[in-house]
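If you want the building blocks of each chain, they are given just below.
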Amino acid sequence: MRMQAIFDEVVKLVPSVPHMKVSGEDDIMSSVTIHGSFDAPETWSNKIFHNSRYFIIMIRPMNGNRYYESTDPTVVVELIAGYKVGKFRKYTGPTDKVVEKIQKWIKDNIVP
């Protein structure tokens, strides 16, 4: 996978929330998608993910490029769906800051 390095860094975030699934692909276009919930699965109304405080974040190449190239290490990160979670400002920038931004957003949204 072309975005393997980003995928590996994002997977390290998994223990920080009660439910998180990270997937990556290069089929139609390079992307890493994060499905997460700030609520444990057993507390979801009717056991439905979308009834929790959920978020879906997508990391993709910049400028609508189809595939990620390591020669252009700039990506776009955006919250594409969410329910009862704070806003995540669309971020376009170098890959080394991606995990930092996501981690900060997660910490800001976890309710003790």
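Parameters at a glance
Per chain, residue numbering runs from 1 following the sequence as it is written. Where local features are concerned, this predicted model is filtered to residues with pLDDT of at least 70; where side-chain atom pairs are given and counted, the filter is 80 or more; whole-chain, interface and lining totals use all residues. Hydrogens and water molecules were not included; the side-chain quantities draw on all heavy atoms of the structure. Think of a nonpolar core as a cluster: buried Ala, Val, Leu, Ile, Met, Phe, Trp, Tyr and Cys residues, connected wherever their side-chain atoms sit within 4.5 Å. Burial classes: relative accessible area under 20% of the type maximum marks a residue as buried, over 50% as exposed, and values in between as partly exposed (1.4 Å probe, protein chains only). A run of DSSP states H or I qualifies as a helix once it reaches four residues; a run of E qualifies as a strand once it reaches two. Both are numbered from the N-terminal end. DSSP calls a pair of strands paired once it identifies at least 2 bridges connecting them. To estimate how far a helix should reach, multiply one less than its number of residues by 1.5 Å. In this description, one arc is meant: the one made by directions from the helix axis to the C-beta atoms. The criterion used for residue contact is that any of the two residues' heavy atoms lie within 4.5 Å. Angles here are taken between N-to-C directions and fall from 0 to 180 degrees, while the axes themselves are lines fitted to C-alpha atoms, restricted in helices to the stretch in contact.

Asker: An account of the nonpolar core is needed here, citing residue identities and associated values.
Answerer: In this structure, Ile59, Val77 and Ile102 are the most contacted members of the largest nonpolar core, which totals 25 residues. Sorting the residues of this core by element identifies helix H1 (4-11), strand E1 (19-25), strand E2 (31-37), strand E3 (54-61), strand E4 (74-82) and helix H2 (98-109) as the ones contributing at least two each.

Asker: A description of the pairing of E2 should follow, citing residues and the corresponding values.
Answerer: E2 sits mainly inside the fold: six of its seven residues count as buried. Sheet analysis places E1 next to E2, joined by seven bridges and oriented antiparallel. Residue Lys21 lies in a different strand from E2, and its bridge partner there is His35. Hairpin connection between E1 and E2: a loop of five residues separates the two successive antiparallel strands.

Asker: Now, about H2: what can you tell me, with residues and values included?
Answerer: Helix length check: H2 (twelve residues) gives 17 Å between terminal C-alpha atoms against 16 Å at 1.5 Å per residue, within 8%. Among the residues of H2, those classed as buried are Val98, Val99, Ile102, Trp105, Ile106 and Asn109. One face of H2 carries all of its buried residues, which in axial projection span an arc of 130°. More than 90 degrees from the buried face of H2, the exposed residues found are Glu100, Lys104, Lys107 and Asp108. Lining the buried residues of H2 we find H1, E1, E2, E3, E4 and strand E5 (91-94).

Asker: Outline the sheet that holds E5, listing residues and values.
Answerer: Taken together, the five strands give an open sheet; going across it, the order is E1-E2-E3-E4-E5, and neighbouring strands pair in antiparallel fashion. Of all the strands in the sheet, just E1 and E5 have a single pairing partner and so form its edges. Between one strand axis and the next, the sheet turns by 20° as a mean value, whatever way the strands run. Those strands touched by H2 are E1, E2, E3, E4 and E5, and its axis lies near 170° from that of E3.

Asker: Please provide a residue-by-residue account of H1, values included.
Answerer: Every buried residue belonging to H1 is among Ile6, Phe7 and Val10, and all of these are buried. Viewed end-on, H1 has its buried residues packed into an arc of 100°, placing them on one side of the element.

Asker: Explain the side chain of Ser31 residue by residue, including any values.
Answerer: Checked against the element boundaries, Ser31 lands in strand E2. Since its relative accessible area comes to 5%, Ser31 is described here as buried. With residues near it in sequence (within four places) discarded, Ser31 still touches Met3, Ser23, Gly24, Glu25, Met58 and Ile59.

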